[in-house]
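Reading the structure
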Amino acid sequence: MSNAGTTIFILFAVIALFAAAFTVTAKSAIRAAVGLLAHIISLAALYLTLHAHLLATLQLIVYAGAVVVLFIFVIMLIGPVSEDKGTDRGLVSRALGAGAMAIVTAAIAFNIWSFAPDAPAITSCPGGANAERWTTNEQGVASVTCGEFGGVRSFGLELYREAGLPFELISILLLVAIIGAIAIGRGRSNEEVEALKARKAARLASPVVAPEPVVETESQPVGGE
Amino acid sequence: MDITLGHYLGLSAIIFGIGAIGFLTRRNILIQLMSIELMLNSVNLTLIAFNRWNPGNHAGQMFAFFVIAVAAAEAAVGLAIVIALYRLKKSVQSDHADSLKH
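Rules behind the numbers
Residues numbered from 1 in each chain as written. Chains lettered and ligands numbered in written order. Predicted model: local features only at pLDDT ≥ 70, side-chain atom pairs only at ≥ 80, totals over all residues. Helix = DSSP H or I, 4+ residues; strand = E, 2+ residues; numbered from the N terminus. Rg over C-alpha atoms; globule rule 2.2 N^0.38 Å. Contact = placed C-beta atoms within 7 Å. Buried ≥ 20, exposed ≤ 12 C-beta atoms within 10 Å, placed from the backbone. Nonpolar A, V, L, I, M, F, W, Y, C, P; charged D, E, K, R; others polar.

**Describing the overall build of chain B**
Secondary structure assignment for chain B yields three helices and zero strands. The N-to-C order of helical and strand elements in chain B reads α-α-α. For a compact globule of 102 residues, the expected C-alpha radius of gyration is about 13 Å, and chain B comes in at 17 Å, more than 25% above that figure. In terms of principal-axis extent, the alpha carbons of chain B reach across some 55 × 25 × 20 Å. Residue pairs at least 24 apart in sequence account for 47% of intrachain contacts in chain B once pairs closer than 6 positions are excluded.

**Digging into the overall build of chain A**
A count of helical and extended segments in chain A gives seven helices and zero strands. The secondary structure elements of chain A, listed N-terminal to C-terminal, are α-α-α-α-α-α-α. Residues counted as buried form 21% of the 225 residues belonging to chain A. Sequence-distant contacts in chain A: of pairs separated by 6 or more residues, those separated by 24 or more amount to 48%.

**Some points on the interface of chain A and chain B**
The interface of chain A with chain B comprises 77 residues on the first partner and 66 residues on the second. Every element with two or more residues in the side of chain A that touches chain B is listed here: α1 (3-25), α2 (29-49), α3 (53-78), α4 (91-112), α5 (152-162) and α6 (164-186) of chain A. Of the residues forming the side of chain A that touches chain B, the biggest block, twelve residues, is contributed by α3(A). When the residues that make up the side of chain A that touches chain B are grouped by side-chain class, the tally is 56 nonpolar, 16 polar and five charged.

Encoded structure:
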């Protein structure tokens, strides 16, 4: 890796480490979210040094653009309750857990440091940038290493060829997550709360276990608050 | 100094450790969720670094792609649960989510 690559790696690695430490130590949740944002952006820069252009872009769009904004929305919605009060409860078990994780992490990090093969050259298309992007091998299969490694075309081609089914399953997962998030976060309207209270009171009042009377308002879901 | 695979792996191990320590020591659910995001990101860095040293295919980058998608779904559902907990307890401390205990 070139000297510029070394400089960029060290710069963004330091930023990523400090931002991560700031995220987990910040008292206020909004400051932690800003630390997470800095961490995510510096990781996107590290992805660029690893020749993963598409994933660096996705990291910025999905994490910096969606996840951090979602965090900040929730912090704004909750308000001052999101501040950390600093409790002493479970201090010993927390310290033990943190110490054990620190030891394990240090062991892994310092052992893996010496694992240092040289970076292999990334093969590119013969004939320069204007040549035909995709070549085929003897079996007639287009080579994905021909073309830009980590670029949209080569990554997308291999994604649809090798992982088409998981890709479709991910879309179902995201759909289910959207519906679940709405269902959990929606809360109950006043009418629904009243119906539930009435049902509970009726159940507590009757001494014998009887089939519950049908409460009409219960079966008609009312829209959000 | 040349940057090698070991540097990336060591960096992501340290970031994972910071995330794990944050998850274990903090009691604010929002910051615990952020620590989970830190851990997922460090794993993505590991996968992409390994893929750079094996450029014959995009297997590691594809794994990182799916991890990003699953992390987005996890963040959406997790934050919805935080809002539901806030409605119930008027708090986002994970110590206060103890309805099953009492």
